[in-house]
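# Report on the structure
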Amino acid sequence: MSARPFILGLTGSIGMGKSAVAQMLRELGVPVFDADAAVHRLQAAGSALLPAIEAEFPGSTGPDGVRRAELGAQVFGDRAALGRLEAIMHPAVAQARVAFMQEHGDAPLVVFDIPLLYERAGPEGLDAVAVVSAPAAMQRERVMARPGMTEEKFAQILALQVPDAQKRERADHVIDTGVTPGETARAVAALVAALRLKNHTADPG
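Anyway, here's the lowdown on the structure attached to this text. Because the structure is predicted, anything quoted here is derived from the model rather than measured.

### Remarks on the pairing of strand β5 (residues 109–113)
In terms of residue burial, β5 counts as a mostly covered element, since five of its five residues are buried. Of the two faces of β5, the one carrying Leu 109, Val 111 and Asp 113 and the one carrying Val 110 and Phe 112 are both buried. Sheet analysis places strand β1 (residues 6–11) next to β5, joined by five bridges and oriented parallel. Within β5, the position partnered with Leu 10 by the bridge is Asp 113.

### Digging into the sheet that holds strand β2 (residues 32–34)
Pairing in this open sheet of five strands is parallel, and the strands run β2-β5-β1-β6-β7 from one edge to the other. Sheet topology places β2 and β7 (173–176) at the edges, where each strand pairs with a single neighbour. Strand after strand, the sheet turns through a mean of 25° between neighbouring axes, direction not considered. Against the sheet, helix α1 (residues 18–27) makes contact with β1, β2, β5, β6 (128–133) and β7, and its axis sits at roughly 150° relative to β1, the strand it touches most.

### Regarding the packing of aromatic side chains
Under the criterion given, the structure shown has three aromatic pairs. Ring geometry for Phe 33 versus Phe 100: centroids 5.5 Å apart, planes at 55°, classification tilted. Remark: Phe 100 occurs in helix α5 (residues 79–103) and Phe 33 occurs in strand β2; sequence separation between them is 67 residues. Accessibility assignment for this pair places Phe 33 and Phe 100 in one class, buried.

### Focus: the nonpolar core
By size, the foremost hydrophobic cluster in this structure holds 33 residues, and its most contacted members are Ile 53 and Phe 112. Listing elements by their share of this core, those giving two or more residues are α2 (35–42), α3 (50–56), α4 (68–75), α5, β5, α6 (117–121) and β6. One finds Leu 8, Leu 25, Val 188 and Leu 191 within the second-largest nonpolar core, a separate group that totals 21 residues.

Cut-offs applied
Residues numbered from 1 in each chain as written. Predicted model: local features only at pLDDT ≥ 70, side-chain atom pairs only at ≥ 80, totals over all residues. Heavy atoms only, no water. Buried < 20%, exposed > 50% of the residue type's maximum accessible area, 1.4 Å probe, protein only. Helix = DSSP H or I, 4+ residues; strand = E, 2+ residues; numbered from the N terminus. Pairing = 2+ DSSP bridges. Axes fitted to C-alpha atoms, helices over the stretch in contact; angles between N-to-C directions. Contact = heavy atoms within 4.5 Å. Phe/Tyr/Trp six-rings, centres within 6.5 Å; stacked < 30°, edge-to-face > 60°. Core = buried A, V, L, I, M, F, W, Y, C linked by side-chain atoms within 4.5 Å.

In short, geometric facts, not functional conclusions.
Below is the structure:
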C-alpha cells in the first residue's frame, strides 16, 4: 500500500447529483470528507466559531447555532461578505480535513467532497478531480423541484459557479448522472477500482 491515500476531489454544480455519487462512494467503502457537513457541524450550537460569525454578521446566530436563513440573506450574492465568512470557516474546515486524513491514513483511496472546488479551494493537494455532471435540462429540473427555489435564485447560483463545461474540461474524471442510477453506480465502482489499483501499483514497496 502507498504511504498515503490517493486523494480524489469530488465536485459538481448544483443539481448535478454529487451527493448521490458521494453516497455511492461510501457504499463502496471509500472514506468521504464532506466539506458541507463539516461546515454544518462548525455552525451548530456550541461551536467555538459562533462568536466570530455573530460579530461579523449580527443576528445570524442563536441558541441553536447559525440561523442559516439570516446568514444566507447577508452573504448571498455578496462576494465580499462571502469572503469574510470564508475567512472564519476555512481554517476550521481545514483542521477537520486534517483530522479526517489522520483517521483514514491507511486507506488506499479517500474522497474530498468539495462543492465549490474550482470556485474557491482549487485542486491543490489533490491527486485527481472527478466532476459530477448531467445535461443542463436535467440539472434545471432537479434544482427547480427544490423547496423555495425560484428561477432568479437558480440564475444567481449558476452565476457564482464555474460553468459545467469548464469543470468537465478541467477534471481528470467525469461522472455522468444523466443516465440511470445503475449506470452511474457501475461507472463509480469502475473508477474506484482503477484508482485503488493505481495507488497500489504506484507503491515502490
